[in-house]
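Working through the structure, step by step
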Amino acid sequence: MKEQLMTKLHSYLLQNQLDLLIALQEEHRLDHYLRSKVDSAGDLLEQCRSEKRPDYVTEALCLEELTRDLRPSRFNYMQELLEQEFEADYLRMKKSGILTYEVINLIGACEPIFEVFAFGEENEDNRELKYAVMGMIAEYLER
């Protein structure tokens, strides 16, 4: 089950936290990160087993717990905002193959904004946050 959870967590990172995945790979810490995260859900895994829950339920509950601190995805948020509000730049970056690189750079540039607004599931739809991030994107693109 732990190997399945590691595989599912890796897939989650690939789809939702590409910036984190790349950073972990560059630092040669991805395997350690995945193992540590899955090990942190050991109590929940054992509880589900003792309650004789089906594997698919156990897997879903554990994955929910493992990804709790990774939601919402700043990478997806930034990429969607770039695509919606700066479509020409988004398409240019995508066509030239630098979209992922630039989205990661934009996340770094917007880090202070994300911290001030305490970016999380409860405020990812905040208009003020959106406009602050859009302003930073516009400034970044002017450079």
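Since this is a predicted model, take the numbers as computed values, not measurements.

Here's the deal with the packing of helix H1 (residues 2-16) against helix H2 (residues 18-26)
Contact pair H1 / H2: the axes reach a minimum separation of 6 Å and the direction vectors enclose 115°. Judged by residue contacts, His-10, Leu-13, Leu-14 and Asn-16 of H1 engage Leu-18, Leu-20 and Leu-21 from H2. In the contact of H1 with H2, the residues fall into 5 nonpolar, 2 polar and no charged.

Let's talk about the nonpolar core
Met-78, Leu-82, Phe-114, Val-133 and Ile-137 are the most contacted members of the largest nonpolar core, which has 39 residues in total. By residue number, the principal contributor to this core is helix H10 (residues 127-142), which donates 6 residues. Leave out the neighbours within four places in its chain, and Phe-114 touches Arg-74, Tyr-77, Met-78, Ile-107, Phe-119, Leu-129 and Val-133.

Section: helix H8 (residues 99-109)
Buried residues of H8: Leu-99, Glu-102, Val-103, Leu-106 and Ile-107, and no others. On an axial view of H8, the arc spanned by its buried residues comes to 145°, and they lie on one face. The elements touched by buried residues of H8 are H2, helix H6 (74-85), helix H7 (87-96), helix H9 (111-116) and H10.

Considering the environment of Leu-20
Inspection of the secondary structure assignment puts Leu-20 in helix H2. Apart from the residues lying within four places of it in its own chain, the contact partners of Leu-20 are Leu-13, Tyr-33 and Leu-70.

Structural notes on the environment of Glu-124
Locating Glu-124 in the fold gives a position in the loop between H9 and H10. Judged by its relative accessible area of 28%, Glu-124 is partly exposed. When the C-alpha positions of Glu-124 and Leu-30 are compared, they lie 27 Å apart, and in sequence the two are 94 residues distant.

Some thoughts on the packing of aromatic side chains
Scanning all chains against the criterion turns up 3 aromatic pairs. Centroid distance Phe-114 to Phe-119: 4.8 Å. Interplanar angle 55°. Geometry classified as tilted.

What about the pattern of salt bridges?
For the coordinates displayed, the defined rule picks out 15 salt bridges. In this structure, Glu-65 engages Arg-68 in a salt bridge whose closest nitrogen and oxygen atoms are separated by 3.1 Å. Glu-65 sits in the partly exposed class, given a relative accessible area of 39%. A residue is classified by how much of its surface remains accessible, and Arg-68, at 45% relative accessible area, is partly exposed. Linking Glu-85 and Lys-130 is a salt bridge whose minimum nitrogen-to-oxygen distance equals 3.5 Å. One end of the pair, Glu-85, is in helix H6; the other, Lys-130, is in helix H10, and 45 residues separate them in sequence. Owing to a relative accessible area of 36%, Glu-85 belongs among the partly exposed residues under this scheme. Each member of the salt-bridge network shares a partner with another, and the members are Glu-3, Asp-31 and Arg-35.

Here is what the cut-offs are and how they apply
Residues numbered from 1 in each chain as written. Predicted model: local features only at pLDDT ≥ 70, side-chain atom pairs only at ≥ 80, totals over all residues. Heavy atoms only, no water. Axes fitted to C-alpha atoms, helices over the stretch in contact; angles between N-to-C directions. Helix = DSSP H or I, 4+ residues; strand = E, 2+ residues; numbered from the N terminus. Contact = heavy atoms within 4.5 Å. Nonpolar A, V, L, I, M, F, W, Y, C, P; charged D, E, K, R; others polar. Core = buried A, V, L, I, M, F, W, Y, C linked by side-chain atoms within 4.5 Å. Buried < 20%, exposed > 50% of the residue type's maximum accessible area, 1.4 Å probe, protein only. Arc of directions from axis to C-beta. Phe/Tyr/Trp six-rings, centres within 6.5 Å; stacked < 30°, edge-to-face > 60°. Salt bridge = Lys/Arg side-chain N within 4 Å of Asp/Glu carboxyl O.

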